[in-house]
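What the coordinates show
One letter stands for each residue in the lines below.
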Amino acid sequence: MDVGDPLPKPLDAIERKSLLYRSGLGFHCINHALGCSHGCRYPCYAFLMARHHGRVRDYDEWCRPRIVGNALALLDRELTRKRVLPDEVHLCLTTDPFMVGHPEVGEMSLAIIERLNRCEIPCSVLTKGRLPAELADRRRFPCDNTHGISLVSLDEGFRREWEPGAAPYGERIAALRRLHAAGRRTRVHIEPYPTPDIIVQDLSAVLAEVAFVDHIYFSGWNYNPRVSRDGATEAFYHAQSRSVRRFCAGREIECEIG
Ligand code: SF4
């Protein structure tokens, strides 16, 4: 927690029957909270699914996350029972591992990564919060983990409107840069990248801020009626994807276009 952050309220807990799973996207994941205080309004696909399946009633409930109280016990049990361990585990697909204002989620994320690394399973993490400096500690986290932030703009007005509870962009980048400087692998997810209907901005300015990373993922904006997937939008994404590819190629950054 940073000076100036409001004092966090203790989170309610839920219990789950299982934790580690292979997602429909083909990789292993852990989601040790239900809901997310970042409250992204793109909208958040995880929120749409949670509401559809009756796990949360509405947006307000989604923004009051509940932690999976038995996550570490479940993980221990599942790692002991698995005959084949996963090559890598992603945190998180349906919540945020370092969500702002809830340090107990971040502490649990660190404990989960530590436990997985002890089994020689590397992790990839993705957050719109602040990646903790502890992740640079190779004695505690010996695997080659990948540390990622989501970043689609540098405009704080955009962030307040679309990612209201998430960390300011400058703080996300600074935390990522600190891990890069410590020799850790870093990644940036530029998704969902906004069209000019949403905000007029210069992608090259965003890219320049993260030119130190090892991997860039770029993809467009879905699930919002304000973004029509017409010819102009497709042409826009085509041009932006080309810029990302060019940027990465010139710097030996791994490039992935969604
Ligand atoms: S940070 Fe991720 S999980 Fe949290 S609200 Fe935003 S999109 Fe959803």
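Report on the accompanying structure. Keep in mind that what you see is a predicted model, and the values were worked out from it rather than measured. (Residues numbered from 1 in each chain as written. Predicted model: local features only at pLDDT ≥ 70, side-chain atom pairs only at ≥ 80, totals over all residues. Heavy atoms only, no water.)

The next point concerns the site of the ligand. By nearness alone, every residue bordering the ligand is listed as Cys36, His38, Gly39, Cys40, Cys44, Trp62, Thr95, Asp96 and Lys128. Looking at side-chain class alone, the shell around the ligand contains four nonpolar, three polar and two charged residues. (Near = heavy atom within 4 Å. Nonpolar A, V, L, I, M, F, W, Y, C, P; charged D, E, K, R; others polar.)

In total, this model carries nine salt bridges according to the counting rule given. A salt bridge links Arg57 to Glu61, with the shortest nitrogen-to-oxygen separation between them at 3.3 Å. Given the relative accessible area of 64%, Arg57 is considered exposed. What you see here is one network of salt bridges that share partners, running through Arg57, Glu61 and Arg66. (Salt bridge = Lys/Arg side-chain N within 4 Å of Asp/Glu carboxyl O. Buried < 20%, exposed > 50% of the residue type's maximum accessible area, 1.4 Å probe, protein only.)

Here we come to the packing of aromatic side chains. The final tally for this structure, using the stated rule, is nine aromatic pairs. On the numbers, 6.3 Å between centres and 15 degrees between planes, the contact of Tyr193 with Phe236 is stacked. Of this pair, Tyr193 sits in the loop between β9 (185–190) and α7 (203–209) while Phe236 sits in helix α8 (residues 231–249), placing them 43 residues apart in sequence. Phe236 carries the same exposure label as Tyr193, and that label is buried. Through a chain of ring-to-ring contacts, the aromatic side chains of Tyr42, Phe158, Trp162 and Trp221 assemble into a single cluster. Here the basic side chain of Arg251 rests over the ring of Phe247, its NZ or CZ set 3.8 Å away from the ring centre. (Phe/Tyr/Trp six-rings, centres within 6.5 Å; stacked < 30°, edge-to-face > 60°. Helix = DSSP H or I, 4+ residues; strand = E, 2+ residues; numbered from the N terminus. Lys NZ or Arg CZ within 6 Å of the ring centre and 35° of its normal.)

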